[in-house]
Amino acid sequence: MDQWLRNTNVVKVVALIIGILLWAVVRMDGGSLSGSTTSGTKEEKIWNVSVTPKYDTDQYYVELIDPAQVTVSISGRDSVLKKVMNSATYSIELDLTKVGKGDHVLPLNPVGFPSNVVVKVSPPSVRVVVDEKKNKSMPVTVNVTGIPAVGMKAGQPIIKPMQVTVAVPSGSYDAVESVRADVNVEKAQSAVSSKVKLVAYDKNGKPMEMATISPAVVDVEVPITSPFTMVPLQLKLVGEPPRGFAVASIRQSTDKVTVYGPQNVLDRLEFYEGPQVSLSDLKDSKDFTLAIPLLKDVKQLDPDKVTVSVSIVPSVTKTLEAIPLSIIGQNDGFDTKVVLPESGQMNLTVEGAPALIEKLKPQDVQAIVDVSNLPPGKHEVAVTWNLPTFVKKGPQQDFKATVEISAKQTQTQSAKPETGASGGAAAGTEAKPGA
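Per an unreviewed UniProt entry, the chain is named YbbR-like domain-containing protein, and its organism is Paenibacillus cremeus.

Bringing the pattern of salt bridges into the picture now. Taken as a whole and judged by the stated rule, the model has eight salt bridges. A salt bridge links glutamate 351 to arginine 243, with the shortest nitrogen-to-oxygen separation between them at 2.7 Å. With glutamate 351 in strand E27 (residues 345-352) and arginine 243 in the loop between strand E18 (228-238) and strand E19 (245-252), this pair connects stretches of sequence that are 108 residues apart. Overall, arginine 243 belongs to the partly exposed group, its relative accessible area being 46%. Connected through shared salt-bridge partners, Lys42, Glu44, Asp78 and Lys82 make up one network.

Enumeration according to the criterion identifies three aromatic pairs in this entry. Where phenylalanine 228 meets tyrosine 260, the ring centres are 5.3 Å apart and the plane angle is 45°; that geometry is what we call tilted. Separated by 32 residues along the polypeptide, phenylalanine 228 in strand E18 and tyrosine 260 in strand E20 (residues 256-260) bring together distant segments of the chain. The class of phenylalanine 228 is partly exposed, set by a relative accessible area of 41%. A ring pair is formed by tryptophan 385 and phenylalanine 399, whose centres lie 5.1 Å apart and whose planes are at 70°; its orientation type is edge-to-face. Here the residue tryptophan 385 occupies a position in strand E29 (residues 377-386), and phenylalanine 399 occupies one in the loop between strand E30 (392-393) and strand E31 (400-407), the gap between them amounting to 14 residues.

Turning our attention to unusual backbone geometry. Residue proline 215 follows serine 214 across a cis peptide bond; omega there is -5°. Position of proline 215 relative to the elements: it lies in the loop between strand E15 (212-214) and strand E16 (217-222). The step from aspartate 302 to proline 303 runs through a cis peptide bond, and the omega angle for that step is 0°. The phi torsion at lysine 187 lies on the positive side, around 60°, for a residue other than glycine. Tracing the chain through its elements places lysine 187 in the loop between strand E12 (176-184) and strand E13 (192-197). Not every positive phi belongs to a glycine, and alanine 322 is a case in point at roughly 55°. The residue alanine 322 is located in strand E25 (residues 316-328) in this model.

Each value, and the rule that gives it
- Residues numbered from 1 in each chain as written.
- Predicted model: local features only at pLDDT ≥ 70, side-chain atom pairs only at ≥ 80, totals over all residues.
- Heavy atoms only, no water.
- Salt bridge = Lys/Arg side-chain N within 4 Å of Asp/Glu carboxyl O.
- Helix = DSSP H or I, 4+ residues; strand = E, 2+ residues; numbered from the N terminus.
- Buried < 20%, exposed > 50% of the residue type's maximum accessible area, 1.4 Å probe, protein only.
- Phe/Tyr/Trp six-rings, centres within 6.5 Å; stacked < 30°, edge-to-face > 60°.

As structure tokens, this is what we get:
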């Protein structure tokens, strides 16, 4: 033996064999048996792993998972465990595809773990409550927040689409009160357009987190304009057709106009004075397209033009009889009466379109005598006529009336009482000579 050990070749062979054995030991994993507890196997715990439910989200809603988080124990080689701990490819799945509405206790399935690790889930099963979803069609309401720029006003929001579908658990179907979105128009000078996320609210005004809205986002445009009001459009008619012609009717394309401007200006508007329409020398019907003028401080009009259709026809005449004279401008301290004509009435020949004249009656016309600022006495005063629209006096008629103005009669004052001794003889008593 000693001679072998003194032989260098033998020592080299022995050393080579020992090296090969050590290399083989290193190559072995030392824990080759599954579940062994040799130095090559290790166990790790992963805490608070969320349970992931697998189900038809369009048809069902998961109300409860108890517990919602579990502990996962994994056993295997240290290098493999480190990879698992540093990755997020695994999950603990709860399969609900084969169950419906109700209260269930179901096992958990580890998913995404390597095949060479042992996985244990604690607890191995959980309680789950599943409810069916119901769809509810709801209008979209936009809450406009903020204040536009000075002198501007936010209009009615335009929403596309205006109606959406809200999916909620069947038990919460009646609780859905509204679907709303907020749009801020702070200091806006022009229309605000935005894509906004919708939120469903219950009857207490609280958001319903379990609600699914389709579509979840809508397009909203909030017009920003000056304050406005809508008032009647009043045309200004000047002149009249020549003799033998009359206005049968006047039609305008719009009888109202929307006026934009400062609120203090709008508050004073009862009507809007439109363009002037000249009727002079018209012998045929005519259409006028006229711009509506902008009054002072008015920023915009809608519409800004009006079409006026004037219908002209040959005129006819008619005599209205026994029209009473009306006195205006009387002084309360005087009596005023018409002395000529004695009847206090006059006849008048009127001219106009046949359709208007045919229906005209004496009570539709007013004969006016103005005695304003006249002193007591007799006066000849011109008679003026208040006639319906598009009706005029017939030719060669000049009317005058005579009025008499006198002071009102007052009651005769009572006789004065007799005087006493110091006052001399009583009134009406003749004094005798020598008395």
